[in-house]
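Commentary on secondary and tertiary structure
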Amino acid sequence: MGEQHIASTRRVWEVPPSPDKDGKDGNGGNGLARYVVAAALARTADGGAVVAVVLLVTSSGGSGTLAGVLGACITAPHLLGPFVARPLDLARDGRKVIAAACLLYAVALTAGVLTYGHAPAVVTGLLPAAAGTCGPLLTGGISSRLPAIVGPRPRLRTRRRAQGWDVATYGIGGTVGPSLVAALSGWVSPTAAALALAVGAAAAAGGVLLLPFTEPSHGGDRAAILKPGATLALMARSGPLRRTVYLTTTVALSVAALPITAVHLTKILGVEPATAAVLTAAYGLGNLTGSTAVMVFPLTGDPDRLMRRLALGVVAGLLTVTAGPAFTVTVAAYALTGILNTFFFASTLAARTEFAPNGARGRVFIWVAALKITSGSAGTALAGSLTGMAVQLPLVVGLLAGSTAVAAATVESRFARTDEKRP
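Throughout what follows, the structure given in this document is the object of discussion. These numbers come from a predicted model, not from an experiment.

**Regarding the layout of surface pockets**
Here the largest pocket defines a volume of roughly 1,800 Å³. Residue lining of the largest pocket: 44 residues in total, with Gly47, Tyr170, Gly174, Tyr283 and Lys372 positioned closest to the centre. The biggest single contributor to the lining of the largest pocket is helix H9 (residues 156–187), with eight residues. Residues of the lining of the largest pocket, tallied by class, amount to 19 nonpolar, 21 polar and four charged.

Quick look at the structure:
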C-alpha cells in the first residue's frame, strides 16, 4: 500500500526546479562544485570537533570523565535534528537557515574552547551543546539541498554521481576532520585545532549562500508542512522509507563495533596492540575508496533493492572480519567493509531523495541522520560492554542484527509487490 501511494504521487514529489539541470546558475558557476566545497568544510568541522574538545581537556590535565561529557555535549544534541530541521522547511530561503547554523556552530565552538578553564564546566558545556544542536543542519540539512542543485529531472547517472560526491564529503569530514585536529594539536595546540575547525564552519556558511536559490517546497502554504512527529509517522507508513530507516540504523549499529573490537582482535591474531591502528586506518581508507568509487561509477537501479543488497554486503564484510584467520586477512576485511558501508550509505541517500515527499524532504534527511547517529552511539556502547565477555561477540551481534534487518526488508518488499499486482 505504501509503495502504491508513492508510485501514484511521485510526480507531486518531484524536486522543485533549479536554475538548470546541470547544477549551474545563471552566472555559469557550477552549483555542485560549490556544494561539495561547502559540505566538505562543514562536515570536516563537525567531524573533528569532538576530537578537538577531548584533546583540549586531556592535554590540560582534565579528567577523562570531563572530556567524555564535553564531547557528548557536541554529539548528543544531534538527536534534536528533526526539531531543528523545521525552520529549514519553513524558510523562504533555506540557504540562510543552513548558513546561520554554520556561523552559530563556529561561534559556539570558538567560545567553548576559549572559555574552557576560565569558566565553570557547566557554562563551557553549554557552548559545545549549542554547536552540536546546529550539527544536523551541517549534515542532513545540507544534503537535503542536493536534489534541487542537480535539477528536477536529471539523468539517473547524474543524480547518483552527485550523491556520490555528497558521500565523499562525509568521508572527508570523518577522516580529514580528526586527522587535521591531531596534526594541529601536535604542531600547535588543541585550541588552535578547534579554532581552525571553527574557521572552516564559518567559511562553509559563505559557500552555502553561494548555492543556487530554489523556491521553498511548501509553495507558500506553511500549514501543509508536517511537524516532526507527523514526519516520523509518514516514514513509518511508507514502505521504502521505513526500510531505509531500519536498514540504516541496523547497519550503523553493526559497524560501530569495528573500532571498538580492533584492539581486542589484535590479541587473538597474535600481533601487537598498537597495530589496531592499522585496522581502523584500513576501514577509513575503505570509506574514502568507496566514496571515490561511487563518484566515478555511480550506483544504478532501485534504491530500495540496492539498500538490501549492500546491507547484506556489509554483513558479509563483518563475517569476514569475525572469521579472519590472519592479521592480513582481517585488515583486508576492514577495508572491504568500509567500502561496502560507503556504497550502502550512498544507496540510503538515493532512497531518501527519491522516496521522501518534497514538502518534508529536509526533515526526512535529518530524521534518518539523527536515528543513524543514535544507533551508532548505541552500537559503540554495546560493543564496549560485550567485548569484556568475548572479543568477537559484538561482531556476531552485528551480523545477526544486519541479517535480520535484510531478511525483514526482503520479505516486506516482496509482500508489497504482491499487493501491487492484485486487482
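**So, the side chain of Arg145**
By the element assignment, Arg145 lies in the loop between helix H7 (121–143) and helix H8 (146–150). Here Arg145 occupies a buried position and makes no salt bridge, while the nearest side chain of opposite charge, Asp93, is found at 4.8 Å. Excluding its chain neighbours within four sequence positions, the residues that come into contact with Arg145 are Gly94, Arg95, Ile98 and Thr214.

**Comments concerning the side chain of Arg43**
By the element assignment, Arg43 lies in helix H2 (residues 31–59). Given a relative accessible area of 3%, Arg43 falls into the buried group. A distance of 2.7 Å separates the side chain of Arg43 from the backbone oxygen of Thr139, its partner in a polar contact. Here Arg43 is in contact with Tyr35, Leu138, Thr139, Ile142, Ser143, Asp166, Thr169, Tyr170 and Gly173, once residues within four sequence places are set aside.

**Brief notes about empty space enclosed by the protein**
Inspection of the entire model under this criterion finds five cavities of 30 Å³ or more. Computed from the structure, the second largest cavity encloses a volume of approximately 60 Å³. Lining the second largest cavity, in full, are Val53, Leu56, Leu70, Ala108, Leu109, Gly112, Val113, Tyr116, Thr124 and Pro128. Among the elements of the structure, H2, helix H6 (94–115) and H7 are those that each provide at least two residues to the lining of the second largest cavity. With four residues, H6 is the largest single contributor of residues to the lining of the second largest cavity.

**Side note on the packing of aromatic side chains**
Counting across every chain of the model gives one aromatic pair. Where Tyr170 meets Phe345, the ring centres are 4.9 Å apart and the plane angle is 85°; that geometry is what we call edge-to-face. Remark: Phe345 occurs in helix H16 (residues 327–355) and Tyr170 occurs in helix H9; sequence separation between them is 175 residues. Since its relative accessible area comes to 11%, Phe345 is described here as buried.

**Thoughts on the nonpolar core**
Ranked by size, the top nonpolar core spans 52 residues in total, and within it Leu247, Leu258, Tyr334 and Phe344 carry the most contacts. Looking at this core, the elements with two or more residues in it are helix H11 (228–237), helix H12 (239–255), helix H13 (257–269), helix H14 (276–296), helix H15 (303–323), H16, helix H17 (361–386) and helix H18 (393–421). Tallying contributions element by element places H16 first for this core, with 12 residues. Apart from the residues lying within four places of it in its own chain, the contact partners of Tyr334 are Leu258, Thr261, Ala262, Leu265, Leu279, Ala282, Tyr283 and Val321. Leu32, Ala52, Leu88 and Ala193 belong to the second-largest nonpolar core, a separate cluster that totals 51 residues.

**Remarks on the packing of H13 against H16**
Their axes nearest at 11 Å, the elements H13 and H16 cross at an angle of 165°. What the angle tells us is that H13 and H16 run roughly antiparallel. Crossing hand, H13 versus H16: right-handed. Here Leu258, Thr261, Ala262, Leu265 and Leu269 of H13 lie close against H16, whose contacting residues are Phe327, Thr330, Tyr334 and Thr337.

**As for the environment of Leu306**
Relative to the helices and strands, Leu306 is located in helix H15. Setting aside anything within four residues of it in sequence, one finds Leu306 in contact with Arg160, Leu299, Thr300, Gly301 and Ser347.

**A short note on the packing of helix H3 (residues 64–75) against H7**
For the pair H3 and H7, the least separation of the axes is 6 Å and the interaxial angle reads 35°. Where H3 approaches H7, its residues Leu66, Leu70, Cys73 and Ile74 are matched on the opposing element by Ala121, Gly125, Pro128, Ala129 and Gly132. Among the residues making up the contact of H3 with H7, the classes are represented as seven nonpolar, two polar and no charged.

Conventions we followed
Throughout this description, residue numbers start from 1 for each chain and increase along the sequence as written. The predicted nature of this model means local features are confined to residues of pLDDT at least 70 and side-chain atom pairs, given and counted, to a pLDDT of 80 or more, with totals for whole chains, interfaces and linings taken over all residues. For side-chain calculations, the full set of non-hydrogen atoms in the structure is used, while hydrogens and water are omitted. For each structure, a 1 Å grid was placed over the protein atoms alone; sets of points admitting a 1.4 Å probe that cannot get out are labelled cavities, open sets with protein on both sides within 12 Å along at least five of seven lines are labelled pockets, and lining residues have an atom within 4 Å of a point. Grid points are joined across faces, edges and corners, and a volume is the space filled by probe spheres set on the points. Counting from the N terminus, the helices are DSSP H or I runs at least four residues long and the strands are E runs at least two residues long. Polar here means any residue other than Ala, Val, Leu, Ile, Met, Phe, Trp, Tyr, Cys and Pro, which are nonpolar, and Asp, Glu, Lys and Arg, which are charged; Gly is therefore polar. Classification of residues uses two cut-offs on accessible area relative to the type maximum, computed with a 1.4 Å probe and protein chains only: under 20% is buried, over 50% is exposed, and between them is partly exposed. Residues counted as positive are Lys and Arg, residues counted as negative are Asp and Glu, and His and the chain ends are not counted. What counts as a salt bridge is simple: a side-chain nitrogen of Lys or Arg found within 4 Å of a carboxyl oxygen of Asp or Glu. The contact criterion used is simple: two residues touch if any of their non-hydrogen atoms lie within 4.5 Å. Under this definition, polar contacts are N or O atom pairs within 3.5 Å; protein pairs additionally need one hydrogen-donor-capable and one acceptor-capable atom, and for neighbouring residues in sequence, both atoms have to be side-chain atoms. Paired rings are identified among Phe, Tyr and Trp, the last through its six-membered ring, by centres lying within 6.5 Å, and are further divided according to the angle between planes into stacked (under 30 degrees), edge-to-face (over 60) and tilted (the rest). Side-chain atoms within 4.5 Å are what join buried Ala, Val, Leu, Ile, Met, Phe, Trp, Tyr and Cys residues into a set we call a nonpolar core. To obtain an axis, a line is fitted to C-alpha atoms, over the contacting stretch when the element is a helix, and the angle between two such axes runs from 0 to 180 degrees between their N-to-C directions. In this scheme, roughly parallel covers angles under 35 degrees and roughly antiparallel covers those over 145, while 65 to 115 is roughly perpendicular and the rest are oblique. By definition, any crossing whose near helix is turned counterclockwise from its far helix by less than a right angle is left-handed, and any crossing with a clockwise turn is right-handed.

Bear in mind that shape data such as this cannot, by itself, settle questions of function.
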